[in-house]
Amino acid sequence: MNEVTLRKLLEDVRAGRVPSETALKRLKSLSIHDLDFARVDGHRSLRKGFPEVIYCEGKTPTQVVKIAQGDLAP
């Protein structure tokens, strides 16, 4: 999520287009996701202005795809 997306989400909540529970779920996705094989920083886009970069060395293709697709359950 970047700053533009976050602002849109907040505006949508304020306008009643997005329920607060839905917004909460989206905001929870911004945390650090500690997988067995990687730690994915969900805040990087907001802090740095660009998304997380996947360091692929030592990871299987399946692990890289999992990170890239945002499937962050361990």
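Coordinates for the structure precede this section.
A. Examining the overall build of the protein chain more closely. Along the backbone of the protein chain there are four helices and two strands. When the helices and strands of the protein chain are placed in sequence order, the string is α-α-β-β-α-α. Over its C-alpha trace the protein chain gives a radius of gyration of 14 Å, far above what one expects of a compact globule, namely 11 Å for 74 residues. Scored against the burial criterion, the 74 residues of the protein chain give a buried share of 22%. Nonlocal contacts in the protein chain, meaning residues at least 24 apart in sequence, comprise 32% of its contacts between residues at least 6 apart. Distance between charge centres in the protein chain, computed from 13 positive and 10 negative side chains, equals 5 Å.

B. Just helix 1 (residues 3-15), in detail. With 13 residues, helix 1 should reach 18 Å at 1.5 Å per residue; the first-to-last C-alpha distance of 18 Å fits that figure. For helix 1, the elements touching its buried residues are helix 2 (20-28) and helix 3 (44-48). Positive phi appears at G16, one or two residues downstream of helix 1, with a value of about 85°.

C. Main features of the pattern of salt bridges. What the rule picks out here adds up to six salt bridges. Here R7 makes a salt bridge to E3, at a shortest N to O gap of 2.9 Å. Note that R7 and E3 are positioned in helix 1 at a spacing of four residues, about one turn of the helix. The class for E3 is partly exposed, based on a relative accessible area of 45%. We note a salt bridge from D12 to R17, for which the minimum N-O separation is 2.8 Å. By relative accessible area, D12 is classed as buried at 9%. Shared partners join several salt bridges into a network, and the residues in it are D41, R44, R47 and E52.

Quick notes on the rules
- Residues numbered from 1 in each chain as written.
- Predicted model: local features only at pLDDT ≥ 70, side-chain atom pairs only at ≥ 80, totals over all residues.
- Heavy atoms only, no water.
- Helix = DSSP H or I, 4+ residues; strand = E, 2+ residues; numbered from the N terminus.
- Rg over C-alpha atoms; globule rule 2.2 N^0.38 Å.
- Buried < 20%, exposed > 50% of the residue type's maximum accessible area, 1.4 Å probe, protein only.
- Contact = heavy atoms within 4.5 Å.
- Lys, Arg positive; Asp, Glu negative; His and termini not counted.
- Charge placed at Lys NZ, Arg CZ, Asp CG, Glu CD.
- Expected span 1.5 Å × (residues − 1).
- Salt bridge = Lys/Arg side-chain N within 4 Å of Asp/Glu carboxyl O.

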